[in-house]
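One letter stands for each residue in the lines below.
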Amino acid sequence: MAGFLSFVRRVYLTLYNWIVFAGWAQVLYFAIRTLKETGHENVYDAIEKPLQLAQTAAVLEILHGLVGLVRSPVSATLPQIGSRLFLTWGILYSFPEVRSHFLVTSLVISWSITEIIRYSFFGLKEALGFAPSWHLWLRYSSFLLLYPTGITSEVGLIYLALPHIKSSEMYSVRMPNILNFSFDYFYATIIVLAIYVPGSPHMYRYMLGQRKSALSKSKRE
């Protein structure tokens with residue numbers, strides 16, 4: 001029975017990784033094609049649906065960690081996925097005013113290259129039990145450049161959205177109301193922005209530690 005469950009787990013994770021890989025490959029392809037043909041102003045319109053699907057699918061990774069399908073700690077996975085979902089739905093989807101900025105292009109290219117490498121790496125590991133050494137190196141080294149470009153784009157887009165968040169009052173709840181509760185999306189977004197200050201260096205150091213451990217282990221093997 002344990003062997004059968006292990007087989008089902010591998011098949012499921014293999015399919016999951018390659019399906020999401022295909023989604024991010026679409027994002028990268030449409031982004032580059034649109035950038036080349038019509039410019040960065042139209043990139044978001046070209047990648048909106050595949051971006052939303054591929055990024056939202058990452059919610060399953062939190063569940064994978066919670067139920068023990070993967071060894072990744074939820075404490076590391078949750079903030080990464082949470083910030084991505086906030087950008088995807090809470091900023092880009094909600095505030096069209098920022099969609100034509102060139103930071104959208106740098107964001108989706110950084111995200112998609114990162115995820116194409118990551119999902120194909122784990123897809124190979126689940127399907128074959130191993131990944132080539134060059135793929136391992138890419139998995140644990142590409143973030144050295146792509147994490148700073150991605151984070152810079154995220155922070156820049158959140159900052160650019162702030163005036164539109166404030167003027168529109170979207171997602172804000174004002175009193176009086178039946179629940180006697182108020183919520184200001186503008187100030188919540190500022191708090192999210194502030195979390196990037198300590199959060200980004202912490203995550204970068206965490207990934208450096210992962211890189212050192214993974215590459216050292218591969219050399220021993």
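Note that the coordinates shown come from a computational prediction; the quantities given were computed from them, not determined experimentally.

1. A look at the overall build of the protein
Secondary structure assignment for the protein yields 8 helices and 0 strands. The secondary structure elements of the protein, listed N-terminal to C-terminal, are α-α-α-α-α-α-α-α. Radius of gyration (C-alpha) of the protein: 19 Å, near the 17 Å computed for a compact globule of 221 residues. For the protein, contacts bridging at least 24 residues in sequence account for 73% of all contacts bridging at least 6. Working note: accessible area of the protein is about 12500 Å², and carbon and sulfur atoms make up 68% of it.

2. Topic: the pattern of salt bridges
Counted by the stated rule, this structure contains 6 salt bridges. For Arg118, the salt bridge goes to Glu61, with nearest N and O atoms at 3.1 Å. Taken together, the residues span a long stretch of sequence, with Arg118 in helix 5 (residues 102-128) and Glu61 in helix 3 (residues 59-67) at a distance of 57 residues. This pair shows no difference in class: Arg118 is buried, exactly as Glu61 is. Of the charged contacts, one joins Arg118 and Glu115 as a salt bridge, the two residues approaching to 2.8 Å between their closest N and O atoms. Placement of the pair is Arg118 and Glu115 together in helix 5, with a separation of 3 residues, close to one helical turn.

3. Looking at the packing of aromatic side chains
To describe a pair of aromatic rings, you give the distance between the ring centres and the angle between the ring planes. Scanning the entire structure with this criterion turns up 15 aromatic pairs. Each ring, one from Trp89 and one from Tyr93, has its centre 5.1 Å from the other, and the planes form 65°; the classification is edge-to-face. In this pair, Trp89 and Tyr93 both sit in helix 4 (residues 74-93), 4 residues apart, roughly one turn of the helix. With 5.1 Å between their ring centres and 75° between their planes, Phe186 and Tyr187 make a pair best called edge-to-face. The buried category is assigned to Phe186, whose relative accessible area is 13%.

4. Considerations on the UniProt feature "transmembrane region" (unreviewed entry) in the protein
Under the present numbering, the feature "transmembrane region" (unreviewed entry) in UniProt falls on residues 12-32, 101-122, 143-165 and 185-204. In the segment residues 143-165, helix accounts for 100% and strand for 0%; the C-alpha atoms at its two ends are 30 Å apart. Taken end to end, residues 185-204 is 100% helix and 0% strand, and its two terminal C-alpha atoms sit 27 Å from one another.

5. Digging into the packing of helix 1 (residues 2-37) against helix 3
Their axes nearest at 12 Å, the elements helix 1 and helix 3 cross at an angle of 155°. With respect to their mutual orientation, helix 1 and helix 3 come out roughly antiparallel. Seen from above, helix 1 lies across helix 3 with left-handed handedness. Of helix 3, the residues touching helix 1 (which contributes Tyr12, Leu13 and Tyr16) are Leu60, Glu61 and His64. Classifying every residue of the contact of helix 1 with helix 3 gives 4 nonpolar, 1 polar and 1 charged.

6. Structural notes on the side chain of Asn17
Checked against the element boundaries, Asn17 lands in helix 1. Note on Asn17: relative accessible area 7%, which makes it buried. A distance of 2.7 Å separates a polar atom in the side chain of Asn17 from the backbone oxygen of Leu13.

Procedures and definitions
- Throughout, a residue's number is its position along its own chain's written sequence, starting from 1.
- Where totals are concerned, whole chains, interfaces and linings use all residues; where local detail is concerned, this predicted model gives features only for residues with pLDDT of at least 70, and gives and counts side-chain atom pairs only at 80 or more.
- Excluding hydrogens and water, the side-chain figures rest on all heavy atoms present in the structure.
- Numbering of helices and strands starts at the N terminus; helices are DSSP runs of H or I of at least 4 residues and strands are runs of E of at least 2.
- The globule rule used for comparison is 2.2 Å times the number of residues to the exponent 0.38, while the radius of gyration itself is calculated over C-alpha atoms.
- Contacts were defined at the residue level, with two residues in contact if any of their heavy atoms lie within 4.5 Å.
- Each accessible area is a Shrake-Rupley result for a 1.4 Å probe, and residues are judged covered by the shown protein chains and nothing else.
- The working definition used for a salt bridge is a side-chain nitrogen of Lys or Arg within 4 Å of a carboxyl oxygen of Asp or Glu.
- Exposure is judged per residue with a 1.4 Å probe applied to protein chains only, and the accessible area is read against the type maximum: over 50% gives exposed, under 20% gives buried, and values in between give partly exposed.
- Side-chain rings of Phe, Tyr and Trp (the six-membered ring for Trp) are treated as a pair once their centres are within 6.5 Å; stacked means planes under 30 degrees apart, edge-to-face means over 60, and tilted covers the remaining angles.
- UniProt positions are given in the numbering used here, feature names are shortened, and annotations may be inferred rather than shown by experiment.
- With axes taken as lines fitted to C-alpha atoms, and helix axes fitted only over the stretch in contact, angles between N-to-C directions fall between 0 and 180 degrees.
- For classification purposes, angles smaller than 35 degrees are called roughly parallel, those larger than 145 roughly antiparallel, those between 65 and 115 roughly perpendicular, and all remaining angles oblique.
- Left-handed describes a crossing whose near helix is turned anticlockwise from the far helix through less than a right angle; right-handed describes the clockwise counterpart.
- Throughout this entry, Asp, Glu, Lys and Arg are counted as charged residues, while Ala, Val, Leu, Ile, Met, Phe, Trp, Tyr, Cys and Pro are counted as nonpolar. The remaining residues, Gly among them, count as polar.
- The definition of a polar contact used here is a pair of N or O atoms within 3.5 Å, where within protein one atom must be able to donate a hydrogen and the other to accept one, and adjacent residues in sequence count solely through side-chain atom pairs.

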